[in-house]
Amino acid sequence: MCLALPGELIDIDRGEALHVGRVSFAGTLKRVCLAYTPEAVPGDYLLVHAGFSISIVSQRRADAIVVDLNTALKSDLP
Amino acid sequence: MRHVDEYRDPARIKALIAEISETVSRPWTIMEVCGGQTHTIMKYGLKQILPKEITLLHGPGCPVCVTPPALIDQAIALCQQPNVTVCTFGDMLRVPGTESSLALAKARGGDVRIVYSPLDALALAQAEPKRVIVFFAIGFETTAPTTALTVYQAKQAGLNNFTLLVSHVRVPPALTALLNSSDAEMDAFLGAGHVCTVMGLEEYEPICAHYRIPIIVTGFEPADILEGVLMCVQQLETQRSNLENQYRRAVTWSGNQAARSMITNVFEISDQEWRGIGLIEQSGLRLRPEYAGHDASVRFANTLQDQPTAIASNECISGEVLRGRKKPAECPAFGTRCTPSRPLGAPMVSSEGACAAYHRYAAVPV
């Protein structure tokens with residue numbers, strides 16, 4: 001139930017009562033409510049749960065932890 | 001798929017296993033809170049590739065599993081009322097109530113419809129104004145804002161035929177209840193990443209401090225889980241008990257403020273019964289009085305007050321499984337009298353249930 005998937009925001013429909021956009025999940029398009037991530041722009045990756053975007057996925061924040069992991073990766077190289 | 005594939009990379013997983021093996025020096029027991037994490041652990045065989053010092057316990061983070069049978073009985077009673085439609089997520093259909101399930105009630109003529117989003121139930125209420133739509137709202141704090149905005153929209157639009165049967169639950173009181181039990185075995189928690197995407201981290205810092213236990217808020221891909229385990233082990237081996245965020249790409253300290261505000265606008269905190277566990281104080285959400293017109297438990301009070309007392313299966317040990325005391329395979333009914341097609345309890349049904357994960361993925365005893 002708490003499952004959420006990251007998808008790419010393709011476009012935004014500003015004609016709707018609710019802030020809605022089309023999100024691509026590896027090519028499958030789904031209409032998603034953007035009310036909780038109103039700052040999202042096309043090209044952003046959104047974490048989508050039950051038809052709602054609940055977070056904009058941040059590569060910058062992800063990289064902050066990958067730094068340590070890269071050390072581990074290097075130590076595993078021959 | 002971006003933000004997914006890189007966290008399933010075998011080289012990355014191998015490196016993390018090596019790092020955990022180098023770091024760990026003695027046995028540690030770590031509980032993953034969320035059922036989605038349990039499924040990742042089973043699907044990718046992470047238990048088998050972790051060092052023998054690491055024991056993973058499965059936590060109560062499966063909302064379908066903890067929804068009390070009394071509420072399922074109520075949903076079944078409502079779907080049989082004239083001009084009433086019950087909408088819910090697909091996982092709820094086969095979960096047994098006292099004597100039946102929503103799937104059986106639907107087969108017998110009840111109007112039950114599966115929706116992907118609460119907004120689908122709202123659209124149904126708009127399309128069928130002569131029917132009362134009851135959305136059976138289950139889920140943790142991840143799902144609560146989706147329900148909250150939907151009922152807020154219904155109220156704004158004057159859609160009086162849209163109602164909620166609410167069974168939303170909160171994670172922090174459940175963790176506290178687990179830690180207060182005399183047989184708590186966990187040394188650290190992998191926190192539920194998507195709950196924290198909404199709620200942020202601040203509720204968990206007092207738990208770390210009071211119980212001196214590390215909590216690592218963790219994502220759902222295999223590299224996320226292993227990185228969370230590594231961060232737990234690093235803390236445990238150095239006698240630290242801090243709150244850390246492994247799932248930084250999605251979770252910030254304060255979470256999603258708009259979603260949190262909408263939860264607070266629509267719901268208030270209440271005591272809540274958890275299936276198999278019992279009453280946990282302050283662990284639920286109920287509609288505020290100003291939403292009484294959209295509250296199915298108020299609108300259908302006369303129908304629901306005649307419900308007999310709900311009784312769960314005596315044979316099902318789901319309460320022990322949800323508290324991490326027993327593994328699914330320790331249940332005498334596992335895989336024989338209890339299967340995904342004929343479940344005795346909810347954890348065998350849900351896509352986040354530990355029993356379903358073991359039944360689907362565990363080819364060898366683990």
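Residues numbered from 1 in each chain as written. Chains lettered and ligands numbered in written order. Predicted model: local features only at pLDDT ≥ 70, side-chain atom pairs only at ≥ 80, totals over all residues. Heavy atoms only, no water.

## Section: the overall build of chain A
Here's step 1: The helix and strand tally for chain A stands at one helix and five strands.
Here's step 2: Reading the secondary structure of chain A in the N-to-C direction produces β-β-β-β-β-α.
Here's step 3: When burial is assessed residue by residue, chain A has 47% of its 78 residues classed as buried.
Here's step 4: In chain A, the share of contacts with a sequence separation of at least 24, taken over all contacts with a separation of at least 6, comes to 29%.
Here's step 5: On chain A, roughly 3,800 Å² of surface is accessible, and the fraction owed to carbon and sulfur atoms is 55%. (Helix = DSSP H or I, 4+ residues; strand = E, 2+ residues; numbered from the N terminus. Buried < 20%, exposed > 50% of the residue type's maximum accessible area, 1.4 Å probe, protein only. Contact = heavy atoms within 4.5 Å. Areas by Shrake-Rupley, 256 points an atom, 1.4 Å probe, with all protein chains shown as cover.)

## Concerning the state of the cysteines
Residues and elements named next belong to chain B.
Here's step 1: Evaluation of the coordinates by the stated rule reveals one disulfide over all chains.
Here's step 2: A disulfide bridge connects C62 with C65, and the sulfur atoms are separated by 2.3 Å. Negative torsions about the S-S bond denote left-handed disulfides, and the value of about 70 degrees found for C62 with C65 makes this one right-handed.
Here's step 3: Classification of C65 as buried rests on a relative accessible area of 1%.
Here's step 4: Unpaired in terms of disulfides, C79 finds its nearest cysteine sulfur in C87, a separation of 11 Å.
Here's step 5: Exposure remark for C79: the relative accessible area of 2% places this residue in the buried category.
Here's step 6: For the unlinked cysteine C232, the closest cysteine sulfur is that of C208, found at 9.9 Å. (Disulfide = S-S within 2.5 Å.)

## Quick look at the packing of aromatic side chains
Here's step 1: Under the counting rule described, the total for this entry stands at four aromatic pairs over all chains.
Here's step 2: The ring centre of Y7(B) lies 3.6 Å from the NZ or CZ of R249(B), which sits over that ring. (Phe/Tyr/Trp six-rings, centres within 6.5 Å; stacked < 30°, edge-to-face > 60°. Lys NZ or Arg CZ within 6 Å of the ring centre and 35° of its normal.)

## Notes on the interface of chain A and chain B
Here's step 1: Of the residues lining the interface, 36 residues belong to chain A; the matching set on chain B comes to 50 residues.
Here's step 2: Where chain A abuts chain B, roughly 3,700 Å² becomes buried across the two surfaces, and 68% of that area is made up of carbon and sulfur atoms.
Here's step 3: Joining chain A to chain B, the criterion identifies zero salt bridges.
Here's step 4: For the pair chain A and chain B, the interface holds eight residue pairs in polar contact (both at pLDDT 80 or more).
Here's step 5: When its residues are assigned to classes, the side of chain A that touches chain B shows 27 nonpolar, six polar and three charged. (Buried area = accessible area lost by both parts, 1.4 Å probe. Salt bridge = Lys/Arg side-chain N within 4 Å of Asp/Glu carboxyl O. Polar contact = N/O pair within 3.5 Å; in protein donor to acceptor, adjacent residues only side chain to side chain. Nonpolar A, V, L, I, M, F, W, Y, C, P; charged D, E, K, R; others polar.)

## Remarks on the sheet that holds strand 7 (residues 188-192) of chain B
Residue and element names in this part refer to chain B.
Here's step 1: Pairing in this open sheet of five strands is parallel, and the strands run 2-1-7-8-9 from one edge to the other. Unpaired on one side and paired on the other, strand 2 (54-61) and strand 9 (243-245) mark the two borders of the sheet. Sheet twist, expressed as the average angle between the axes of neighbouring strands with direction ignored, equals 25 degrees.
Here's step 2: As defined by bridge partners, strand 7 adjoins strand 8 (residues 215-218) across four bridges and the pair is classed as parallel. The partner of L190 across the bridge, within strand 8, is I216.
Here's step 3: Against the sheet, helix 2 (residues 35-43) contacts strand 1 (28-34), strand 2, strand 7 and strand 8, and its axis sits at roughly 120 degrees relative to strand 1. (Pairing = 2+ DSSP bridges. Axes fitted to C-alpha atoms, helices over the stretch in contact; angles between N-to-C directions.)

## Topic: the domain arrangement of chain B
All names here are of chain B.
Here's step 1: Under the domain assignment used here, chain B contains domain 1 (4-62 + 179-245), domain 2 (65-170 + 255-304) and domain 3 (318-361).
Here's step 2: For domain 1 versus domain 2, the distance between C-alpha centres works out to 31 Å.
Here's step 3: Listed per partner, the contact involves twelve residues of domain 1 and 14 residues of domain 2.
Here's step 4: Area buried by domain 1 at its contact with domain 2 is led by C62, V198 and M199, which between them contribute 50% of it.
Here's step 5: R260 serves as the salt-bridge partner of E202, at 2.8 Å between the closest nitrogen and oxygen.
Here's step 6: The interface formed by domain 1 and domain 2 includes nine residue pairs in polar contact (both at pLDDT 80 or more). (Domains from an automatic or database assignment.)

## Some details on the sheet that holds strand 5 (residues 132-139) of chain B
Residues and elements named next belong to chain B.
Here's step 1: One open sheet holds the six strands; their spatial order is 4-3-5-6-11-10, and the pairing between them is mixed. Edge positions in the sheet fall to strand 4 (112-114) and strand 10 (267-274), since each has one partner strand and no second. Adjacent strand axes in the sheet meet at a mean angle of 25 degrees, parallel and antiparallel pairs treated alike.
Here's step 2: Pairing geometry for strand 3 (residues 84-88) and strand 4, over three bridges, is parallel.

## What about the packing of helix 2 of chain B against helix 17 (residues 354-361) of chain B?
Residue and element names in this part refer to chain B.
Here's step 1: The interhelical angle for the contact between helix 2 and helix 17, taken along N-to-C directions, is 15 degrees, at an axis separation of 9 Å. Judged by the inter-axis angle, helix 2 sits roughly parallel to helix 17. Where helix 2 crosses over helix 17, the two elements pack in a sense that is right-handed. The residues of helix 17 that touch helix 2, namely those facing T38, H39, M42 and K43, are A354, A356, A357, Y358 and Y361. (Parallel < 35°, antiparallel > 145°, perpendicular 65-115°, else oblique. Left-handed = near helix turned anticlockwise from the far one by under 90°.)

## Side note on the packing of helix 7 (residues 118-127) of chain B against helix 8 (residues 144-157) of chain B
Axis angle and axis distance: for two packed helices, these are the angle between their axes and the distance between the axes, and together they describe the pair.
Residues and elements named next belong to chain B.
Here's step 1: The geometry of helix 7 relative to helix 8 is characterised by a closest axis approach of 9 Å and an angle of 20 degrees between their N-to-C directions. Between helix 7 and helix 8, the angle is such that the two are roughly parallel. Of the two possible hands of crossing, helix 7 and helix 8 adopt the one that is right-handed. On helix 8, the residues that touch P118, L119 and L122 of helix 7 are T146, T147, T150, Q153 and A154.
Here's step 2: Along the lines of polarity and charge, the residues of the contact of helix 7 with helix 8 split into four nonpolar, four polar and no charged.

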